[in-house]
Structures are given as C-alpha cells and as structure tokens.
Amino acid sequence: MTTVTSPLEGRAIGLAAVPDPVFSGAMVGPGTAIDPVREPSEAVSPVDGIVVSLHPHAFVVVDDEGHGVLTHLGIDTVQLNGEGFELLVSKGDTVRRGQAVVRWNPAAVEAAGKSAICPIVALEATAESLADLVESGDVKAGDSLFSWR
C-alpha cells in the first residue's frame, strides 16, 4: 500500500473541479487536486521514490511498488516554458517524501493567465485502487491525500 501525501499547501478540491477535461475526466488517472496557497513555495515529493519524469511544471515519482504519482503544477503551465519554475532535483534522482522538487509561485502562474490548480494523479491506477481520497478541506504539504492498493 502506498500513501500519497500532498506536495503543496492549499485546499483539496478533487479532480472533477480541475479546469482541464483531461484531468477532470480522470483520463490521466484517478487522484485529487490542490488549489495552492498564492505565495512562492516548493512542491515536494508525495512519495519516496525515483524521479522518472521532470519538467518545470510537472514531475512523476515512482515508488518501490512501481506506483507512479504525477504532480502537475498548474494547468496549461507547459506554455510558460519553464518561466517561474526552478528545478531542485534531477531526473533519475532518488527522493524522499517531503523533499523539495520544484520551486514556483502560484500567484505568478495566475498573473500569466493560467490556472494554479495542481492535479495529483495516480498513474496507471483505477479509481477502485484508491482509498481515503481527500477532495475537500485545507491541506498542508505532507498531509495524506489518498492510499493506493
């Protein structure tokens, strides 16, 4: 069982509230989303594992059980071409839960005309494989978002 924790401080809103049909329709996978606090912050790893994909606006960490967790910082933020994002680790690095991966500013993302909402997705999972899914309420970085069987 993998426990996935929040990479950010903010408010859990669930994937259905994400302003992007690919995420809101769970086409990438099941999970939840965080509406982050609007201040410069660091997105941290939601699990212990290896960084298998790393972009300024998104990263995937795969744990020892082979569970890949996508953290996507904002919506359509790929269009910012990395501006306002600072990578703190490298692809292939082993990271611990809570370790800073990307430094960014959600307020700057909004100022650039993009949504700061952050989907946290269990890749190649089914909705039935997730339990204790948090889709509302305030969360701090490190708070449990869901369990993955």
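Structural notes, computed from the coordinates. Once a new chain begins, its residue numbering starts again from 1 and follows that chain's sequence as written. Residues qualify for local features only when their pLDDT is at least 70, as the model is predicted, and side-chain atom pairs are given and counted only at 80 or more; totals for whole chains, interfaces and linings, by contrast, use all residues. Excluded from the side-chain calculation are hydrogens and water; included are all heavy atoms of the structure.

**Digging into the sheet that holds strand β3 (residues 31-36)**
Then, in step 1: Read from one edge of the open sheet, eight strands run β9-β5-β6-β7-β11-β3-β2-β13, paired in antiparallel fashion. Edge positions in the sheet fall to β9 (94-95) and β13 (138-139), since each of these pairs with one other strand and no more.
Then, in step 2: Both strand β7 (residues 68-72) and strand β11 (residues 118-123) contribute to a ladder of four bridges, which runs antiparallel. The partner of V69 across the bridge, within β11, is A122. Any two strands with at least two DSSP bridges between them are considered paired. Under the scheme used here, helices are H or I runs from DSSP no shorter than 4 residues and strands are E runs no shorter than 2 residues, and both carry numbers assigned from the N terminus.

**So, the side chain of T5**
Then, in step 1: Assignment of secondary structure puts T5 in strand β1 (residues 2-5).
Then, in step 2: Residue T5 is classed as buried on the basis of its relative accessible area of 5%.
Then, in step 3: A polar contact is formed between the side chain of T5 and the side chain of R97, at a distance of 3.3 Å.
Then, in step 4: In contact with T5, not counting residues within four places along its chain, are S45, P46, R97, G142, D143, S144 and L145. Residue burial is assigned from relative accessible area. The probe radius is 1.4 Å, only protein chains are included, and a residue is buried under 20% of its type maximum, exposed over 50%, and partly exposed in between. Here a polar contact is taken to be a pair of N or O atoms separated by no more than 3.5 Å, where protein atoms must pair a possible hydrogen donor with a possible acceptor and residues adjacent in sequence count only if both atoms sit in side chains. Contact definition: two residues touch when any of their heavy atoms are within 4.5 Å.

**What about unusual backbone geometry?**
Then, in step 1: Its identity as a non-glycine residue notwithstanding, D76 has a phi of 65 degrees, on the positive side.
Then, in step 2: Topologically, D76 is positioned in the loop between β7 and β8 (85-87).
Then, in step 3: Exposure remark for D76: the relative accessible area of 38% places this residue in the partly exposed category.
Then, in step 4: Here the phi dihedral of D132 falls at roughly 55 degrees; this positive angle occurs in a residue that is not glycine.
Then, in step 5: Here D132 lies in the loop between β12 (130-131) and β13.

**Side note on the pattern of salt bridges**
Then, in step 1: Each salt bridge in this description consists of a side-chain nitrogen of Lys or Arg and a carboxyl oxygen of Asp or Glu lying within 4 Å of one another. Under the definition given, this model contains seven salt bridges.
Then, in step 2: Two residues, R38 and D35, come together in a salt bridge whose shortest N-O distance is 2.7 Å.
Then, in step 3: You can call D35 buried: its relative accessible area is 14%.
Then, in step 4: A salt bridge links D48 to R96; the nearest nitrogen and oxygen atoms lie 3.1 Å apart.

**Quick look at the environment of R38**
Then, in step 1: Counting through the fold element by element, R38 comes out in the loop between β3 and β4 (41-44).
Then, in step 2: Along the backbone, R38 and E110 are 72 residues apart, and their C-alpha atoms lie at a distance of 9.0 Å.
Then, in step 3: The contacts of R38, once residues within four sequence positions are left out, are P106, A107, E110 and A116.
Then, in step 4: Of note is the side chain of R38, whose polar atom sits 2.3 Å from the backbone oxygen of P36.

**Details of the nonpolar core**
Then, in step 1: Counting residues in each nonpolar core, the largest one holds 29 residues, and the members touching the most others are L8, I34, F59, L73, F85 and W104.
Then, in step 2: If you list the elements that add at least two residues to this core, you get β5 (49-55), β6 (58-62), β10 (100-104), β11 and β14 (144-148).
Then, in step 3: Among the nonpolar cores identified, the runner-up in size contains eleven residues, and I13, A58, V60 and I117 belong to it. By nonpolar core we mean a set of buried residues, namely Ala, Val, Leu, Ile, Met, Phe, Trp, Tyr and Cys, connected to one another through side-chain atoms within 4.5 Å.

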